Amino acid sequence: MTFKGFPPGKITTTRIPSLFFKDLLPQIDDLDELKVTLYGLWQINHLEGEVRYLKVENFTADPEFMAGMGATPAAQLAAVRSGLERAVTRGTLLRTSVPRGENTLEIYFFNTPRGQAAVQSVEDGSWRPSDGDLPTPTLSLEQPNIFQLYEENIGPLTPLIADTQAGRTVEEMKDKIEDILKKTAGDISKMNSQNSSRIDDSSYPGDPNCKICGGVGYLRQDLPIGHPDFGKLQVCVCREAQIKKQARDGLYKLSSLEELSHLTFENFEPQGQIGLGPAQAASLERAFNHAQQFARTLDGWLVLQGPYGCGKTHLAAAVANFVVDYGVPTLFLTVPDLLDNLRFAYNNPDSTFEERFEAIRRSQLLIMDDFGTENATPWAQEKLFQILNYRYINNLPLLITTNLSLNQLEGRIRSRLQDPELVNLVRILAPDYRRPMDDTGHSELSSLNLLGESTFGNFSLRKNENLEKEEHKKLESAFIAAQKYAEKPQGWMVLQGGYASGKTHLAAAIANYRSAEGIPPLFIMVPDLMDHLRATFNPNSTVSYDRRFDEIKTTPLLVLDDLGTESMTPWVKEKLYQLFNYRYNASLPTVITTTDKLSEIDPRIRSRILDRRICRIYAITVPPYRGGR
C-alpha cells in the first residue's frame, strides 16, 4: 500500500515540539515506541478538558491506528503496551495510576513541567480524572473541538470570543452556530430583497448609512463551495471602531483597571528618581525591560519582587493596559480582593462560586497584585494554589507582584514559582517612590538611619592618642578589613571590643557604604531584633512571626550590633542559634559586633564563628574613644 500524497487545499495539522526532532527522535530505535509517541502527540492535540492525559484505550479505540500495530488483536495490544513501556522508560511519558472502582487505572502524561505537576497532583490526591470520560478522537473522523468548529463556521476566533464560549460543548456550539447562521441568512436575504434596499431596523449593529453592509454589520463573501472562506461571516469595516471600544470598555470593567489606566510604560521612569544607587537603578530598568517583553509575548510567568512603592504595581498595570488595548481578556486583581470576590460569590444570586472561580483561573491573562498580603487561611492558600496550579499545568500567562521572598510563600506555590523554564523572577531594589525624602530603601526594622553619619571617611584611627603600638595596629587592621568587606561582602566578619572602641562605627560604615551602592542591608541591634520578633505575637500585629523571622534570616546582608547585650532567656538563645545556623548553612554575609569574649558566647554559635572558612574575627583592644582626631 502506497501513500497517495497530501490533498490540495486546507488540511489540519498537529503541533509537535521541535525538541522531539532534535533530542528524542535520534534516540528512538523501536518502531512501536515511535508510533505510540507520535500518535500520543496527535491524541493530546485533539483531546478536550482541563488536564489532558492518555490511557491505553486512547490507542486501542482507533481501528485505523491499531491496524498498523500488528496482524492480530493480541499482537496489536502487545505492541501498544510495549511502545508505552519503552516511552515511559525513556522518559517521554510519565505514568501514574488512580483508583477506579475496585481496580486502578493507568494514565500517562507527556514529560513536561505541566505533566510533572499533574502527576504530583494525582499522587498527592489533589486531582482525579472525572468519572465520565471524554470522547476519544480517532483517525477515521477527527472531531473538531469547540474552537475549531467556531472558526470553520463563523470566522477567526478572537481571544474574547474564545473566553465567552469556553464552557460550551460541541453540540451546544453547533446549535449556537446554526442559530447565528439562520439569523444572518435572514438578515442578508432582507438586505438583498428588491423591496428593502435599506435596513431601517435600528436593532442591527452596523451603521445604517453604510454602503457596504446596509446596516447589518456583517458580510459574507460570494465564494464557490469548497473555498476555505465559504460561509464565513466577516465584520464590516463600519463596526471596527465600535467593536474595539466595546471590547476595551468590557475588559476594563472586568479587570478593575479604570483607576489604574494612567499607569503605562510611557510614564514609568525606568531609571527611577535622581540619586538612586547604581544597583537600585539597574534593577528598576531590568524590571521595566522584562515587563515590556512579557507584555509583547505573554509567554510564561513574570514575578516582580520588591519593597512597597518600588514600582511593581505600576509595571503590572502597564502590562495590563498594554495588552487590553490589543483585546486580550485580562484580570488585574490584588490578591485580597481576588479572595473577597470568591467569598462573596457564595451569596451572589447572579453567579455561582464555581463560575467566578473558573473565570479567574481561566482568564487569558491573570495579574495578581500584592501576593502575600492576604490573610493566609487554609482556605485561601488552597484556592490560590488551585489557581496557580491550573495555570501552571495549562501554561497560561501569569504576572505576580509581591514584597515577599519566595521562601516566605507556601511550599506548593513556591515550587511552581521556582520553575526556571516557566518563571522569570525579577527583584527590584529601588526604595519607596512615594517617599522621595526617604531614598534609603531600608527595612522598617533597620536602625541605620540613626547612624547615617558613621562612615569610613569620618572614622578616627586615633593616631594622635598615646595608644599602644599593638592596639593601633589592630584598630587599623579592622578598619582596612571593614573597607574591603564593604566593597565585596563575603562570609562573616566579627568586630570584637569594649564599649566605644569603634566597632559599631565600622559596622555602620559598612552598611552605609552598601546603602550608597543601592543595596541597603539590614542593620539592627540584637535586643531590638528580639523585640521585633516578640511583637509578632501581639494579636494586633500585621505581620506573622514566621514572615518576620524569615525576613531577618534571608536578608542579603545582615549587620547584628551588640551581640551579648540581650536578655539571654532560653527562647532568645534558641532564636539566635536558629538565625546564625541558617545564615551559616546558606553562607549569607553577616557582620557581628560584640563586647563578649568568645568563651562567653553560646557554644553552638561560637563553633560557627570559629570556622575560618567563613568567618574572620577582628579584636579591637583600644580604650574607649572620647572624641577628637
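Scroll up for the structure.
Participant: Sorry if this is basic, but what is going on with the overall build of the chain here?
Facilitator: Within the chain one finds 22 helices and 14 strands. In the chain, of all internal contacts separated by at least 6 residues, the share reaching a separation of at least 24 is 70%. In the structure as shown, the chain presents an accessible area of about 33,600 Å², 52% of it carried by carbon and sulfur atoms.

Participant: Help me out: how do you make sense of the pattern of salt bridges in this one?
Facilitator: Any two side chains of opposite charge can pair, on the condition that their charged atoms come close. Under the counting rule described, the total for this entry stands at 15 salt bridges. For the salt bridge of arginine 95 with glutamate 85, the shortest nitrogen-to-oxygen distance reads 2.9 Å. Of this pair, arginine 95 sits in strand E1 (residues 93-100) while glutamate 85 sits in helix H5 (residues 73-90); the two residues are 10 residues apart in sequence, bridging distant segments of the chain. One salt bridge in this structure joins glutamate 410 and arginine 412, with 3.0 Å as the shortest N-O distance. Classification of glutamate 410 by relative accessible area gives partly exposed; the value is 21%.

Participant: How should I be thinking about the sheet that holds strand E14 (residues 615-620) in this particular structure?
Facilitator: Consider a sheet: its strands pair through backbone hydrogen bonds, and that pairing is either parallel or antiparallel. Ordered by their spatial adjacency, 5 strands build an open sheet running E11-E12-E13-E10-E14, and the pairing between neighbours is parallel. Edge positions in the sheet fall to strand E11 (522-525) and E14, since each has one partner strand and no second. Recorded for the sheet is a direction-independent mean angle of 15° between the axes of neighbouring strands. Summarising the sheet, E11 and strand E12 (residues 558-563) pair through 4 bridges and their orientation is parallel. Bridging across to E12, isoleucine 524 finds its partner in leucine 560. Of the strands in this sheet, E11 and E12 are in contact with helix H19 (residues 526-535), which crosses E11 at around 95°.

Participant: Just to check I follow, could you spell out the packing of aromatic side chains for this structure?
Facilitator: Think of a pair of aromatic rings as described by two things: how far the centres are apart, and how the planes are tilted against each other in angle. With the rule as written, the count across this model stands at 19 aromatic pairs. Geometrically, the ring pair formed by phenylalanine 3 and phenylalanine 6 is edge-to-face, given 5.1 Å between the ring centres and 75° between the ring planes. Summarising the burial analysis for this pair, phenylalanine 3 and phenylalanine 6 share the class exposed. Centroid distance phenylalanine 459 to phenylalanine 479: 5.5 Å. Interplanar angle 10°. Geometry classified as stacked. Residue phenylalanine 459 is located in the loop between strand E9 (423-427) and helix H17 (469-487), and its partner phenylalanine 479 is located in helix H17; the two are separated by 20 residues in the primary sequence. Side by side, phenylalanine 459 and phenylalanine 479 carry an identical accessibility label, which is buried. Taken together, the ring pairs connect Phe265, Phe268, Phe288, Phe322 and Tyr326 into an aromatic cluster. Sitting over the ring of phenylalanine 357, lysine 383 keeps its end group 5.4 Å from the ring centre.

Participant: Hey, could you run me through the packing of helix H11 (residues 278-297) against helix H12 (residues 312-324) in this one?
Facilitator: What describes two packed helices is the angle between their axes and the distance between those same axes. For the pair H11 and H12, the least separation of the axes is 9 Å and the interaxial angle reads 25°. As far as their axial angle goes, H12 and H11 are roughly parallel. Once H11 is placed against H12, the crossing between them reads as right-handed. In contact with Ala287, Phe288, Ala291, Phe294, Ala295 and Arg296 of H11, H12 contributes Leu315, Val319, Phe322 and Val323.

Participant: What exactly am I supposed to notice about the packing of helix H20 (residues 545-554) against helix H21 (residues 570-586) here?
Facilitator: Closest axis-to-axis distance for the H20/H21 pair is 9 Å, and the angle between their directions is 50°. As judged from the angle between their axes, H20 and H21 are oblique. In this structure, H20 crosses over H21, and the sense of that crossing is right-handed. Residues Tyr545, Phe549, Ile552, Lys553 and Thr554 of H20 form the contact with H21, whose own contacting residues are Trp571, Lys575, Gln578, Leu579, Tyr582 and Arg583. Its residues assigned to classes, the contact of H20 with H21 shows 6 nonpolar, 2 polar and 3 charged.

Participant: What is the right way to look at the sheet that holds strand E8 (residues 398-402) in this model?
Facilitator: The 5 strands lie next to each other as E6-E7-E8-E5-E9, forming an open sheet whose pairing is parallel. One side of each edge strand has no neighbouring strand; the edge strands of this open sheet are strand E6 (330-334) and E9. With direction set aside, neighbouring strand axes in the sheet form an average angle of 10°. By the bridge criterion, 5 bridges tie strand E5 (residues 301-305) to E9 in an arrangement that is parallel. Paired with leucine 304 across the two strands is valine 426, which belongs to E9. Strand contacts of H11: E5, strand E7 (365-369), E8 and E9, with the helix running at about 150° to E9, the strand carrying the most contacts. Along the sheet, H12 makes contact with E5, E6, E7 and E8, crossing E6 at roughly 160°.

Conventions adopted
- Residues numbered from 1 in each chain as written.
- Predicted model: local features only at pLDDT ≥ 70, side-chain atom pairs only at ≥ 80, totals over all residues.
- Heavy atoms only, no water.
- Helix = DSSP H or I, 4+ residues; strand = E, 2+ residues; numbered from the N terminus.
- Contact = heavy atoms within 4.5 Å.
- Areas by Shrake-Rupley, 256 points an atom, 1.4 Å probe, with all protein chains shown as cover.
- Salt bridge = Lys/Arg side-chain N within 4 Å of Asp/Glu carboxyl O.
- Buried < 20%, exposed > 50% of the residue type's maximum accessible area, 1.4 Å probe, protein only.
- Pairing = 2+ DSSP bridges.
- Axes fitted to C-alpha atoms, helices over the stretch in contact; angles between N-to-C directions.
- Phe/Tyr/Trp six-rings, centres within 6.5 Å; stacked < 30°, edge-to-face > 60°.
- Lys NZ or Arg CZ within 6 Å of the ring centre and 35° of its normal.
- Parallel < 35°, antiparallel > 145°, perpendicular 65-115°, else oblique.
- Left-handed = near helix turned anticlockwise from the far one by under 90°.
- Nonpolar A, V, L, I, M, F, W, Y, C, P; charged D, E, K, R; others polar.

Geometric values such as these leave the question of function open.
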